[in-house]
Amino acid sequence: METTAFPTVRTPSGDLPADAPDWNPQRPSAMPHHRYQPAHTRVALPLTDDRTWPSRRLHQAPLWVPVDLRDGNQALAEPMDTERKRRMFDLMTTMGYKEIEVGYPSASRTDFDFVRHLAYSGAVPDDVTVSVFTAARRDLIDRTVASVEGLDRVVVHLYTATAPTWRDVVLGRSRTELHTLILDAATHLMRRAEERPGADIRFEFSPEVFNLTEPDFVLEVCDSLTELWDASPDRPVIHNLPATVEIATPNVYADQIEYMDRHLARRESVILSVHPHNDRGTGVACAELAVLAGAQRVEGCLFGNGERTGNVDLVTLALNLYAQGVNPMIDFSDIDVVREVVEYCNRLPVHPRHPYVGDLVHTAFSGTHQDAIAKGLARHARTAAELGVPAGRAPWAVPYLPIDPADIGRTYEEVIRINSQSGKGGMAHLLRTHHGLDLPQGMRPDFSRTVQQVTDATGQELTHKELWELFRSTYTAPAQDGPRTLESWATEETDPGEHTFTCTLRADGEARSCVGYGNGPLSALTDALRTAGISVDILDFSEHSTATATTATGTGTGTGTGPGSPAVAYAECRVDGTTRWGAGRDTSVLTASVHAVMAAVNRAGRA
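Residues numbered from 1 in each chain as written. Predicted model: local features only at pLDDT ≥ 70, side-chain atom pairs only at ≥ 80, totals over all residues. Heavy atoms only, no water.

Asks: Just to check I follow, could you spell out the sheet that holds strand β14 (residues 578–586) for this structure?
Replies: Each strand in a sheet pairs with its neighbour through backbone hydrogen bonds, running either in the same direction (parallel) or in the opposite one (antiparallel). Strand order in the open sheet formed by 3 strands is β12-β13-β14, with antiparallel pairing between adjacent strands. Each edge of the sheet is formed by a strand with only one pairing partner; in this case those strands are β12 (536–545) and β14. Averaged over neighbouring strand pairs, the angle between their axes works out to 15° when direction is ignored. With 9 bridges joining them, β12 and strand β13 (residues 567–575) adopt antiparallel strand pairing. Among the inter-strand pairings, Asp 537 is bridged to a residue of β13, identified as Arg 574. (Pairing = 2+ DSSP bridges. Helix = DSSP H or I, 4+ residues; strand = E, 2+ residues; numbered from the N terminus. Axes fitted to C-alpha atoms, helices over the stretch in contact; angles between N-to-C directions.)

Asks: So what exactly am I meant to see when it comes to the domain arrangement of the protein here?
Replies: Interfaces are often sized by the accessible area lost when the parts come together. Under the domain assignment used here, the protein contains domain 1 (59–346) and domain 2 (367–408). Computed over C-alpha atoms only, the centres of domain 1 and domain 2 are separated by 38 Å. Counting residues at the interface gives 7 residues for domain 1, matched by 4 residues for domain 2. Interface area for domain 1 against domain 2, summed over the two sides, is near 460 Å², with a carbon-plus-sulfur share of 65%. At the junction of domain 1 with domain 2, the criterion picks out 0 salt bridges. Taken together, domain 1 and domain 2 are joined by 2 residue pairs in polar contact (both at pLDDT 80 or more). (Domains from an automatic or database assignment. Contact = heavy atoms within 4.5 Å. Buried area = accessible area lost by both parts, 1.4 Å probe. Salt bridge = Lys/Arg side-chain N within 4 Å of Asp/Glu carboxyl O. Polar contact = N/O pair within 3.5 Å; in protein donor to acceptor, adjacent residues only side chain to side chain.)

Asks: What should I look at first to understand the UniProt feature "binding site: Mg(2+)" (unreviewed entry) in the protein in this one?
Replies: Taking the numbering used here, the UniProt-annotated feature "binding site: Mg(2+)" (unreviewed entry) corresponds to Asp 71, His 275, His 277 and Asn 311. These annotated residues cover 241 residues of sequence, and their C-alpha atoms lie no more than 10.7 Å from one another, placing them together at a single site. Locating Asp 71 in the fold gives a position in helix α2 (residues 68–74). Of the residues examined, Asp 71 reaches a relative accessible area of 2% and is grouped as buried. Ignoring sequence-local partners within four residues, the contact set of Asp 71 consists of Glu 101, His 275, His 277, Glu 307 and Asn 311. Turning to its location among the elements, His 277 is positioned in the loop between β7 (270–276) and α10 (283–292). Judged by its relative accessible area of 4%, His 277 is buried. (UniProt positions renumbered as here; feature names shortened; annotations may be inferred. Buried < 20%, exposed > 50% of the residue type's maximum accessible area, 1.4 Å probe, protein only.)

Asks: Looking at this model, I keep getting lost on the packing of aromatic side chains. Mind explaining?
Replies: The relation between two aromatic rings is expressed through the spacing of the ring centres and the mutual angle of the planes. A full pass over the atoms with the stated rule returns 10 aromatic pairs. Where Tyr 104 meets Phe 133, the ring centres are 5.1 Å apart and the plane angle is 90°; that geometry is what we call edge-to-face. A residue pair is termed long-range when its members are at least 10 positions apart, and Tyr 104 in the loop between β2 (99–103) and α4 (109–121) and Phe 133 in strand β3 (residues 129–135) qualify at 29 residues. Summarising the burial analysis for this pair, Tyr 104 and Phe 133 share the class buried. Relative to Phe 471, the ring of Phe 447 lies with its centre 5.5 Å away and its plane at 85°, an arrangement referred to as edge-to-face. In this pair, Phe 447 is assigned in helix α15 (residues 444–458) and Phe 471 in helix α16 (residues 464–476), connecting sequence segments 24 residues apart. On the accessibility criterion, Phe 471 (1% relative accessible area) is buried. An aromatic cluster is present here, built from Phe 447, Trp 468, Phe 471 and Tyr 475 joined pairwise through their rings. (Phe/Tyr/Trp six-rings, centres within 6.5 Å; stacked < 30°, edge-to-face > 60°.)

Structure, rendered in structure tokens:
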């Protein structure tokens with residue numbers, strides 16, 4: 001068999017650490033880890049002993065501020081045009097966002113034109129505030145202020161990098177020089193805003209790379225701007241503290257935010273905001289812990305698009321709150337529409353394992369997971385019925401599903417899917433949900449083995465339709481497509497508790513008449529088969545109408561209902577020493593039952 005050649009990976013081979021326990025034989029890699037410094041050697045980390053955020057709880061949503069149209073847009077290989085930006089803006093206002101960063105007007109003509117479009121098109125609802133972003137330069141501030149002419153509710157977001165590495169490498173300024181530059185820009189911005197006395201223009205400042213900046217310097221700069229802009233509780237300033245490049249575990253960011261929350265001057269006149277990125281893959285955790293630590297406002301992007309590994313994901317953050325019983329204040333009831341719009345505007349797909357919205361995130365392939373979910377959904381339907389409320393209003397407690405997929409517009413079809421890793425619980429769930437079959441417990445392992453053989457052989461997933469066809473061909477078709485078939489049959493109750501079964505049996509190509517007697521139609525059938533030399537014992541039997549076979553979700557069976565609905569019967573029979581299951585499906589319960597026995601007889605005959 002031809003194999004693909006892959007580059008050789010170096011296996012770690014250094015000496016074991018002296019303190020390594022016997023159970024951990026990992027050896028040092030040759031990668032030059034000494035080139036990098038931990039956070040505590042790069043920036044002063046406050047609150048080492050008296051932090052309080054770990055004991056707090058999230059009980060309400062912060063103010064969410066999507067920055068997809070600016071920060072997210074800057075991270076796109078193909079930035080959005082006005083049409084795409086407008087489509088995303090309309091989505092955000094419909095979902096309930098009340099403050100939206102719409103662009104970096106001095107960065108490009110496209111961004112400037114979009115802000116002007118919002119100003120003259122009437123697209124901005126009365127209760128929505130538009131935010132625009134600008135660097136701390138007079139000419140860029142002038143361009144930014146010009147872009148918002150005609151907009152009544154505006155936040156102008158001023159930013160400058162403040163961390164030592166940025167001061168030294170990028171800006172070439174000392175702390176004092178940088179503070180002076182910021183104050184000059186902030187004063188100029190204030191004067192330009194005063195030229196529009198009728199407009200509601202508020203100010204935001206971001207000390208970019210806050211998490212790598214000396215805490216005392218951040219306080220010095222932010223407090224001076226709070227005073228300069230004369231912030232008050234009814235006209236607060238926004239101090240946005242970005243984890244521009246993640247450099248530490250989320251608890252360190254929380255400590256930094258709590259320190260600022262405690263020490264910012266005129267705290268009641270400050271909205272403390274955060275803007276985490278995701279360089280370490282912990283942007284969501286940083287934001288959640290920052291809110292515990294005192295943040296009131298969170299900037300991020302829908303589904304986490306942003307520079308490098310992305311901005312913090314506002315959808316995940318909000319639905320994490322929802323899963324804890326907290327109103328997210330944003331409507332995600334049709335999450336697929338939200339995803340479609342964002343994918344169209346960004347020209348980027350959302351990952352299939354993305355929390356809450358990915359194509360596979362509500363899907364279980366594992367047999368143990370499927371069994372637990374199927375049982376949980378069945379219990380949920382019973383609980384709703386007992387409470388007398390719709391399933392969508394009943395308390396949610398289903399294994400492996402943090403929230404009800406239906407709450408965000410997903411369907412139960414996505415929850416359980418069948419492949420070679422699947423088990424009997426998931427297979428039974430799909431047959432019940434889509435085809436009204438409630439397989440007996442004893443039959444499920446038997447069918448599961450059949451499914452496993454197919455999926456192992458093909459390596460493919462089975463849809464619920466393919467699953468039904470496999471069930472039909474395995475358990476119901478043999479009744480009329482086998483070596484022993486009933487060409488005709490009839491049964492009658494001759495006396496109470498005494499039944500006669502009369503049939504023409506075709507076996508091995510020959511037809512013969514048979515009569516049997518018993519205390520019921522099926523016992524009379526097995527007696528008739530005995531006269532033809534076929535020994536049949538019915539070990540297990542059950543039947544139900546697909547009209548009354550309830551689904552685990554309480555949402556219907558996917559089959560017809562009413563008096564003409566098919567009945568399904570299942571029979572486990574020992575035939576001449578071989579045990580097999582059979583099934584029958586017919587509008588007549590008796591016919592379905594006879595077919596189930598004959599299917600088992602023929603399956604045993606093929607063994």
